[in-house]
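Observations on chain architecture
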Amino acid sequence: MTTRAKKMIYLDNGATTRVLPEVFDAMAPYFLDMWGNPSSLHSHGRDAKPAVEQARKSVAALINADPSEIVFTSGGTESDNLAIKGTVMYKGKTKGHIITTRIEHHAVLEPCEYLKRFGFDVTVLPVSREGLVDPAEVEKAVRNDTVLITVMMANNEIGTVQPCREIGKIAKDRNIPFHTDAVQAIGKMRIDVKADNIDLLSLSAHKFNGPKGIGALYVRKGTKIETVMHGGGQERGLRSSTENVPGIVGLGKASEIARRDLDATASRMKALRDKMLKEVPATVPRAYVNGHMTKRLPNNAHFRFDFIEGEGLVLQLDFKGIAVSTGSACSTGSLEPSHVLLALGLTHEQAHGSLRVTLGRENTEEEVDYLLEVLPGVVSKLREISPFNERRPMGPGEGGDCVQ
Ligand SMILES: *Cc1c(COP(=O)(O)O)cnc(C)c1O
């Protein structure tokens, strides 16, 4: 075994990322020195307020929005909930039609499901075998009472990048608000809310080297939206609660860095991604790529292996010092494999044999090479020792962790 195995190689950046030291340093003073409440009139509060507004500018610049269109939230989940419930329930409405897709994050699917209880109708569109939403299907699904279209910008499991600009155009032409969950896309691809016809966009700091528990919702000027968090009226009434000043500063710093380094980071990750997409099926028998070969995030490689259980693969790779994730079912004993992989038309067995590798800005070619070096051996060993092959279907309670 090489010495490289001793140091942990983190290839699970789709789940979360490391806070960059620069981000951490920017946040620290807002815990220790300038810890005031931005709404206070005294000097403590006055110190915090400009930091929040500076961060708002940095987030806005990353997506070509106006700072006044940025609402700070606790993360991607809250942004999705606010975008969806806040628009469709505007002024107490309980009726209307929502269009979404089968491969959305649970933070979108669950609010849609919840809204059905009040009387909303939801169309959940299918995707192609490669995980793409067809804009023509969106167009066909539109009704007179459609109140929201929500389609993610890039998928968190298989990394497919959706044709948001076309979908946004369809929504715009019909005066329907368009929301996109861009949590995975931020920092990995260019986003322009104006050119892409986006009315609402969710983002989360911890997916691009910022801290956990902070995110934002972009709300285009003029979008009809109401709060889902009633209280003191912060964030122009859209998100009450005392601002998470250090978190907001961290999000701002992460946004600045993401914008500054976007092209270099994305092209470096893309080269490593393409190396994996090419090498894995070439060196591992019966290995396949999930998702689209090119319309995918530069940091996402997703595979499936016949006669392999994803959870075993993740544990064996962890043993070799590599952190990755599987596209298996959520924990808590669920038997259902990932809804995203099933939406591609994969069988339960195929879905269970999946592996997600997500790069971050700090990963090196050496690390990817190490994964490529150990993977064929790990897969063949698992196939040898595991009773999980053609003879034995997947048993109950064998799901993996939920992919974020
Ligand atoms: C991680 C993730 C979320 C949830 O974001 P949190 O900040 O963890 O709440 C939502 N959507 C997508 C696509 C994600 O990857």
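Given the structure is predicted, the values throughout are model-derived calculations rather than measurements. (Residues numbered from 1 in each chain as written. Predicted model: local features only at pLDDT ≥ 70, side-chain atom pairs only at ≥ 80, totals over all residues. Heavy atoms only, no water.)

**Describing the site of the ligand**
Surrounding the ligand, one finds 14 residues, the nearest of these being Thr77, Asp181, Gln184, Ser204 and Lys207. Within the side chain of Asp181, an N or O atom sits 2.6 Å from a nitrogen atom of the ligand. Here an oxygen atom of the ligand and a side-chain polar atom of His206 are 2.9 Å apart. Against a free-state accessible area of 380 Å², the protein chains account for coverage of 90% of the ligand. Broken down by element, the residue count for the shell around the ligand peaks at 3 residues, all from helix H4 (residues 76-88). (Near = heavy atom within 4 Å. Polar contact = N/O pair within 3.5 Å; in protein donor to acceptor, adjacent residues only side chain to side chain. Areas by Shrake-Rupley, 256 points an atom, 1.4 Å probe, with all protein chains shown as cover. Helix = DSSP H or I, 4+ residues; strand = E, 2+ residues; numbered from the N terminus.)

**Section: the sheet that holds strand E9 (residues 287-289)**
Taken in spatial order, the 3 strands of this open sheet run E9-E10-E12, and their pairing is antiparallel. Either end of the sheet is taken by a strand with one partner, and the two such strands are E9 and strand E12 (354-358). Each strand axis lies, on average, 25 degrees off the axis of its neighbour in the sheet, ignoring direction. Judged from the 3 bridges that link them, E9 and strand E10 (residues 300-305) form a sheet pairing that is antiparallel. Within E10, the position partnered with Ala287 by the bridge is Phe305. (Pairing = 2+ DSSP bridges. Axes fitted to C-alpha atoms, helices over the stretch in contact; angles between N-to-C directions.)

**A closer look at the packing of helix H9 (residues 310-319) against helix H12 (residues 365-385)**
Taken N-terminus to C-terminus, the directions of H9 and H12 make an angle of 130 degrees; their axes are 10 Å apart at the nearest point. Put simply, H9 runs oblique to H12. At the point where H9 passes H12, the crossing takes the right-handed sense. Taken together, the residues of H12 that come into contact with H9 (itself represented by Gly312, Leu313, Gln316 and Leu317) are Leu371, Val374, Leu375, Val378, Val379, Lys381 and Leu382. Here the residues of the contact of H9 with H12 are counted per class, giving 8 nonpolar, 2 polar and 1 charged. (Parallel < 35°, antiparallel > 145°, perpendicular 65-115°, else oblique. Left-handed = near helix turned anticlockwise from the far one by under 90°. Contact = heavy atoms within 4.5 Å. Nonpolar A, V, L, I, M, F, W, Y, C, P; charged D, E, K, R; others polar.)

**Observations regarding the sheet that holds strand E3 (residues 96-101)**
What links the strands of a sheet is backbone hydrogen bonding, and the strands pair in either a parallel or an antiparallel sense. Read across the sheet, 7 strands follow the order E2-E8-E7-E6-E5-E3-E4 without closing on themselves; strand pairing throughout is mixed. Single-partner strands in this sheet number two, and they are strand E2 (70-73) and strand E4 (120-125). Neighbour to neighbour, the strand axes of the sheet diverge by 20 degrees on average, direction disregarded. Of the strand pairs in this sheet, E3 and E4 are connected by 6 bridges, and their pairing is parallel. By the bridge assignment, Thr101 is partnered in E4 with Leu125. Helix-sheet contacts for helix H3 (residues 43-63) involve E2, strand E7 (200-204) and strand E8 (215-219), and the interaxial angle to E2 is about 115 degrees. The sheet contacts of H4 involve E2, E3, E4, strand E5 (146-150), strand E6 (178-181), E7 and E8, and relative to E7 the element is tilted by about 160 degrees.

**Describing the domain arrangement of the protein**
Looking at the assigned domains, one finds that the protein contains domain 1 (9-17 + 262-384) and domain 2 (21-258). Computed over C-alpha atoms, the centres of domain 1 and domain 2 are 27 Å apart. The partner domain 2 presents 33 residues to the 33 residues of domain 1 that form the contact. Of the roughly 2800 Å² buried between domain 1 and domain 2 on both sides combined, carbon and sulfur atoms contribute 51%. Together, Leu262, Leu297 and His339 form the three largest contributors to the area buried by domain 1 at its contact with domain 2, with a combined 24%. Note that Asp263 is salt-bridged to Arg190, the shortest N-O span being 3.1 Å. (Domains from an automatic or database assignment. Buried area = accessible area lost by both parts, 1.4 Å probe. Salt bridge = Lys/Arg side-chain N within 4 Å of Asp/Glu carboxyl O.)

**What about the pattern of salt bridges?**
Any two side chains of opposite charge can pair, given that their charged atoms come close. Across all of its chains, the model carries 23 salt bridges by this definition. Ionic pairing is found between Arg260 and Asp261, a salt bridge with its closest N-O pair at 2.9 Å. Judged by its relative accessible area of 16%, Asp261 is buried. (Buried < 20%, exposed > 50% of the residue type's maximum accessible area, 1.4 Å probe, protein only.)

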